[in-house]
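# Architecture and fold: a report
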Amino acid sequence: MKILVAVKRVIDYNVQIRVKEDGSGVVTDNVKMSTNPPDDNAIEEAVKIKEAGKAKEIVAITIGEEKAQETVRKALAVGADRGIHVKVDNVIEPLAVSKILKKIVEKENPDLVFMGKQAIDDDCNQTGQMLAALLNWPQATFASKIEVKDNALEVTREIDEGLETIEVNVPAIVTCDLRLNEPRYASLPNIMKAKKKPIEQINASDLGVDINPRIEQIKVEEPPKRKAGIKVASVEELVQKLKNEAKVI
Amino acid sequence: MSVLLIAEHNNKEVRPFTYNAITAASQINDDLHVLVLGHQADDVAKSLSEVPNVKKVIHVDNEIYENYIAENYTAAIIKHAENYSHIVSSANTFGKNLMPRIAALLDTSQVSDIIKVISEDTFLRPIYAGNAFATVKSNDKKKCVTIRPTSFDPADKSGGSAEITKSDPAEASSSTKFLKKEEVKSDRPELGTARIVISGGRGMQNGENFKLISDIADKLNAAIGASRAAVDAGYITNDHQVGQTGKVVVPDLYIAVGISGAIQHLAGMKESKVIVAINKDGEAPIFSVADYGLEADLFEALPQFLSELNKLNTIQK
């Protein structure tokens, strides 16, 4: 099997983001960036499947500006075999991302496409499902367990009510939950080796897909701030406050 | 044009967030139709026809809709899409799984997880785990929108009498099979809609210690939540997770116990009306959003909390 894994470069999950004063977005200059966390789980799962002898090749793909390549390089350092970087100049919407990915899937013919269930910047949670629709492939979203069978996957999905298990025929799209696995760290020798692995660069404009925005971002603002609270000295005081001041119990 | 809302249900009952989504959907346009895809779900269709905000219920009954499979749902929804300007659902795992599949086939850029309807094409939505709010305008002809249920009140459930029309199923997908669902049954209120939520984090140290939390939850008729750290560590099942990638809750009272307050957890609870934090680390970020902070060892504070509650003559339910 061949697995394509899509990774996105986002503001690091530990960074407290700042909204730009002109309301045009959030500050990204001189801010630590890293791979979208559940995309790390997607790479890890692909590597585990390959290590188990059930996949032959892992291709990591990212779409973004020049520096987005860092995320592919990281994927190569933990076990992807080669990379693809589709260059775009601006932020594009999940629909456009899925159209680009469809073109790449048609060229690469993977059996599986993995990616994180949601990017922690725009919090859209759309790309995997959209790609599945455009390819007319089955989708297994929010995966917390994947079992590879003959020409199918058994996937346990995290849903609001608990867990659901489905079987999807290959080819399929899987979007990964953070609980799917524990992503490994790249060792120094593997980071060095990854520098020699190939990354193919493709200009999005050469793919012949419409990636123009359909949604106008009118304004980005800070959410309303909570009023500062107080510290209470004892449990007794806490219960009295909840009963008599906040009146919630 | 009209709005089509996709109902979430279990073939017997309407799932509660559908009512919150109805409120938002009818703010987009009051000609709101609801699509019920299910198997022997007549009671669901009937309940929804009684919601005053609903003008019409379209009911498709077939065994292929007994379990919720996005591929099968999508094919049926696409059949109806041309009559509508907006297709909407709640932004929980139901709608998150489903709506992008519909949007892509309609060549529409979806607007996810809206918290406010500004006009028919303009919405407010949180980004970066709720640390920024974006006002976005959709320029697509047909709009696909998911609704953060906790940002809208549930619609009234009775008094209406919408027409129920039957419609034919679409083709079933042969490449996805439902195998099983492991639902955690509980007599407690649902986490997403509970008036009070008490959550435990890594500070609970193990699953058995959650008994300290469940004792208080029983007393307050509260739902039990957890931080991702507590779920990852196996203290409690995933359906309890509150946060950016878990559930978003907006109860009247949220009690965070042994939770440090990572950005990702705050994203799921900081809109709660009253927040209590109990943590022995006085510097923990959770105190920055807490109305009432108690710096204490939770293993001493929780039993005391329960005994103080027991002293009260009345407790709101």
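Thresholds applied
Residues numbered from 1 in each chain as written. Chains lettered and ligands numbered in written order. Predicted model: local features only at pLDDT ≥ 70, side-chain atom pairs only at ≥ 80, totals over all residues. Helix = DSSP H or I, 4+ residues; strand = E, 2+ residues; numbered from the N terminus. Buried ≥ 20, exposed ≤ 12 C-beta atoms within 10 Å, placed from the backbone. Rg over C-alpha atoms; globule rule 2.2 N^0.38 Å. Contact = placed C-beta atoms within 7 Å. Nonpolar A, V, L, I, M, F, W, Y, C, P; charged D, E, K, R; others polar. Pairing = 2+ DSSP bridges. Core = buried A, V, L, I, M, F, W, Y, C linked by C-beta atoms within 7 Å. Domains from an automatic or database assignment. Axes fitted to C-alpha atoms, helices over the stretch in contact; angles between N-to-C directions. Expected span 1.5 Å × (residues − 1). Right-handed = clockwise from strand over helix to strand, strands pointing away.

With that out of the way, let us pick up the overall build of chain A. Check the secondary structure of chain A and you find 6 helices and 13 strands. Projecting the C-alpha coordinates of chain A onto the three principal axes gives extents of approximately 65 × 45 × 40 Å. Counting across all 249 residues of chain A, residues that qualify as buried make up 45%.

Each helix and strand counted, chain B has 8 helices and 16 strands in total. Relative to the 2.2 N^0.38 estimate, which gives 20 Å for 317 residues, the radius of gyration of chain B is 21 Å and therefore close to what a compact globule would have. Taking the principal axes of the C-alpha coordinates as reference, chain B spans close to 60 × 40 × 40 Å. Within chain B, the fraction of its 317 residues that count as buried is 59%. Sequence separation of at least 24 residues holds for 67% of the intrachain contacts in chain B that already meet a minimum separation of 6.

Take the interface of chain A and chain B next. Facing 66 residues of chain A, the contacting portion of chain B comprises 74 residues. Going through the elements one at a time, α3 (94–108), α4 (127–135), β7 (139–149), β8 (152–159), β9 (162–169), β12 (215–221), β13 (230–232) and α6 (235–245) of chain A are the ones with two or more residues in the side of chain A that touches chain B. With 8 residues, the top contributor of residues to the side of chain A that touches chain B is β9 of chain A. In the side of chain A that touches chain B, the residues fall into 31 nonpolar, 14 polar and 21 charged. As judged from the 7 bridges shared by β9 of chain A and strand β11 (residues 176–183) of chain B, these two strands associate in the antiparallel manner. When the sheet's bridge partners are listed, E167 of chain A is paired in β11 of chain B with K177 of chain B.

The next point concerns helix α4 (residues 93–105) of chain B. With respect to burial, α4 of chain B is a largely interior element, 12 of its 13 residues being buried. All of the buried residues along α4 of chain B are T93, F94, G95, K96, N97, L98, M99, P100, R101, I102, A103 and A104 of chain B.

All right, on to the nonpolar core then. Among the nonpolar cores identified, the biggest contains 183 residues, and V5, A60 and V174 of chain A together with L5 of chain B are the most heavily contacted of them. Counting contributing residues per domain, this core is built from domain 1 (2–167) and domain 2 (196–311) of chain B, each supplying no fewer than three. Excluding its chain neighbours within four sequence positions, the residues that come into contact with L5 of chain B are A21, I22, A25, L32, V34, V88 and S89 of chain B.

Let us now look at the sheet that holds strand β4 (residues 84–90) of chain B. All names here are of chain B. Ordered by their spatial adjacency, 7 strands build an open sheet running β5-β9-β4-β1-β2-β3-β10, and the pairing between neighbours is parallel. Each edge of the open sheet is held by one strand with a lone partner, namely β5 (111–114) and β10 (163–167). Averaged over neighbouring strand pairs, the angle between their axes works out to 25° when direction is ignored. Direction of pairing for strand β1 (residues 2–6) relative to strand β2 (residues 32–38): parallel, over a ladder of 4 bridges.

What follows deals with the domain arrangement of chain B. Residues and elements named next belong to chain B. Structurally, chain B comprises domain 1 (2–167) and domain 2 (196–311). Listed per partner, the contact involves 5 residues of domain 1 and 8 residues of domain 2. Residues of the side of domain 1 that touches domain 2, tallied by class, amount to 1 nonpolar, 3 polar and 1 charged.

Further remarks concern α3 of chain A. Given a rise of 1.5 Å per residue, 15 residues ought to cover 21 Å, and the 20 Å separating the end C-alpha atoms of α3 of chain A matches this to within 8%. Contact partners of the buried residues in α3 of chain A: β1 (2–7), β4 (57–64), β5 (82–87), β6 (112–116) and α4 of chain A together with α4 of chain B. N109 of chain A lies just past α3 of chain A and shows a positive phi near 50°.

Here we take up the pairing of β1 of chain B. The element β1 of chain B is extensively covered by neighbouring structure, given that 4 of its 5 residues are classed as buried. Viewed along the sheet, the connection from β1 of chain B through helix α1 (residues 17–28) of chain B into β2 of chain B turns out right-handed.

This part takes up the environment of T176 of chain B. Considering the arrangement of structural elements, one finds T176 of chain B in strand β11. Along the chain, T176 of chain B and G203 of chain B lie 27 residues apart, while their C-alpha atoms are 40 Å from each other. The residues touching T176 of chain B, leaving out its near neighbours within four places in the chain, are P138, I166 and V168 of chain A together with I69 and E71 of chain B.

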